[in-house]
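Examination of the molecular architecture
Spelled out, the chains give:
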Amino acid sequence: MSSVSVDHLVVAAATLADGVAWCERTLGVTPGPGGKHPLFGTHNRVLKIESEAFALAYLEVIAIDPEAPPPGRASWFGLDALDLSAGPRLIHWVARSTLLDMHRWGLINIGLQPGEPVAASRDTPQGLLSWQILVRDDGALRCGGALPTLIQWQGRHPAEAMPDSGVVLKSLALSGVPPRAAEVLRLRGITLSSAPGPALQAVLSTPRGDVTLTSSSPTA
């Protein structure tokens, strides 16, 4: 079975302004422009974090868009149920697949429901970005956010047009991913653990030095 790749890390914020300020304070950079997701009532800012080990990887700061009409469904990544009063934080990661349906059924066959495929898109100065992403009806994250949401891009990848940010993803560690799920996804370049600890831990090289983000709090 084909393996998946790290596509992007997801940092949730109560507002996009909060997320930008967090990036500047924590990582020492200002995220680039993102866009709006009308289907889910969210908007984002993004920055490239790719490395030799994690090609075309980026970091997404995402928040509920106060100008968007109610989407009539649970938001992706459980954003509408998160308590972000303590500030923005790493909550999840998205894995890139070239065989989305195969990976989806692989997870279903071991008792994990990764969600239904949803077609989404957003406009950019370089043209339309289009993708399919698996989204659960309840918006819930599995394994504390360690089990990735799966995405398959249609055409170009957004990181191809992102300038270098000065931030690089050095490592990603996950805790709590079931071994059979790891086998289905054939996770590469990622440290897996069954020991107690944060569901996600990402180490980034930044203009402020190495920064460790966890699914509970960041530390420099």
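Remember, it's a predicted structure, so these values are computed and weren't measured experimentally.

**With respect to the side chain of Ser97**
Structurally, Ser97 can be placed in the loop between β5 (89-96) and α2 (100-109). For Ser97, a relative accessible area of 2% corresponds to the buried category. Within the structure, the side chain of Ser97 is placed 2.9 Å from the backbone nitrogen of Leu99, a separation counted as a polar contact. A polar atom in the side chain of Ser97 sits 3.2 Å from the backbone nitrogen of Leu100. Other than its neighbours up to four places away in sequence, Ser97 contacts Val4, His103, Ile151 and Gln152.

**Overview of the packing of aromatic side chains**
Summed over all chains, the structure comprises 3 aromatic pairs. Geometrically, the ring pair formed by Phe40 and Trp76 is stacked, given 4.2 Å between the ring centres and 15° between the ring planes. Linking Phe40 in the loop between β2 (32-37) and β3 (42-48) with Trp76 in the loop between β4 (58-64) and β5, this pair joins segments that are 36 residues apart in sequence. With relative accessibility at 1%, the residue Phe40 sits in the buried group. On the accessibility criterion, Trp76 (5% relative accessible area) is buried. Centroid distance Trp131 to Trp153: 5.2 Å. Interplanar angle 50°. Geometry classified as tilted. Here Trp131, found in strand β7 (residues 127-135), pairs with Trp153, found in strand β8 (residues 149-154); they are 22 residues apart in sequence, far enough to count as distant. You can call Trp153 buried: its relative accessible area is 13%. One aromatic cluster is present, built from ring pairs that chain together Phe40, Trp76 and Phe77.

**Let's talk about the nonpolar core**
Side chains of a nonpolar character, in soluble globular proteins, are inclined to be buried together. Ranked by size, the top nonpolar core spans 44 residues in total, and within it Leu27, Ile49, Leu59, Trp93 and Leu174 carry the most contacts. The element best represented in this core is helix α3 (residues 179-185), accounting for 4 residues. Once residues within four sequence positions are removed from consideration, Leu27 is found in contact with Trp22, Leu59, Val167, Leu204, Thr206, Pro207, Arg208 and Val211. Residues Ala12, Ile62, Trp76 and Leu84 belong to the second largest nonpolar core, which totals 22 residues.

**A few points about the pairing of strand β9 (residues 168-175)**
Pairing of β9 with strand β11 (residues 200-206) involves 6 bridges; the strand directions are antiparallel. Bridge pairing links Leu174 to Leu200 in β11. By the bridge criterion, 3 bridges tie β9 to strand β10 (residues 191-193) in an arrangement that is parallel. Within β10, the position partnered with Leu174 by the bridge is Leu192. The parallel pair β9 and β10, bridged by α3, forms a crossover whose chirality is right-handed.

Here is what the cut-offs are and how they apply
- Along every chain, residues carry numbers that run from 1 in the direction the sequence is written.
- The predicted origin of the model limits local features to residues at a pLDDT of at least 70 and limits the giving and counting of side-chain atom pairs to 80 or more, whereas totals for whole chains, interfaces and linings rest on all residues.
- Neither water nor hydrogens contribute to the side-chain values; these are computed over all heavy atoms in the structure.
- Only DSSP runs of H or I with at least four residues qualify as helices, and only runs of E with at least two residues qualify as strands; both kinds are numbered from the N terminus onward.
- The classification of residues rests on relative accessible area computed with a 1.4 Å probe and restricted to protein chains. Under 20% of the type maximum is buried, over 50% is exposed, and intermediate values are partly exposed.
- Polar contacts, as counted here, are pairs of nitrogen or oxygen atoms within 3.5 Å of one another; within protein the pair requires one atom able to donate a hydrogen and one able to accept it, and residues that are adjacent in sequence qualify only if both atoms are side-chain atoms.
- Throughout, a residue-residue contact means that at least one pair of heavy atoms, one from each residue, lies within 4.5 Å.
- Working definition: a ring pair exists when centres of Phe, Tyr or Trp rings (six-membered ring for Trp) sit within 6.5 Å. Plane angles under 30 degrees give stacked, over 60 give edge-to-face, the rest tilted.
- The nonpolar core is taken to be a set of buried Ala, Val, Leu, Ile, Met, Phe, Trp, Tyr and Cys residues, with the residues joined through side-chain atoms within 4.5 Å.
- A pair of strands is considered paired only if DSSP assigns at least 2 bridges between the two.
- Think of it like this: strands point away, you trace from the first strand over the helix to the second, and a clockwise trace means the crossover is right-handed.

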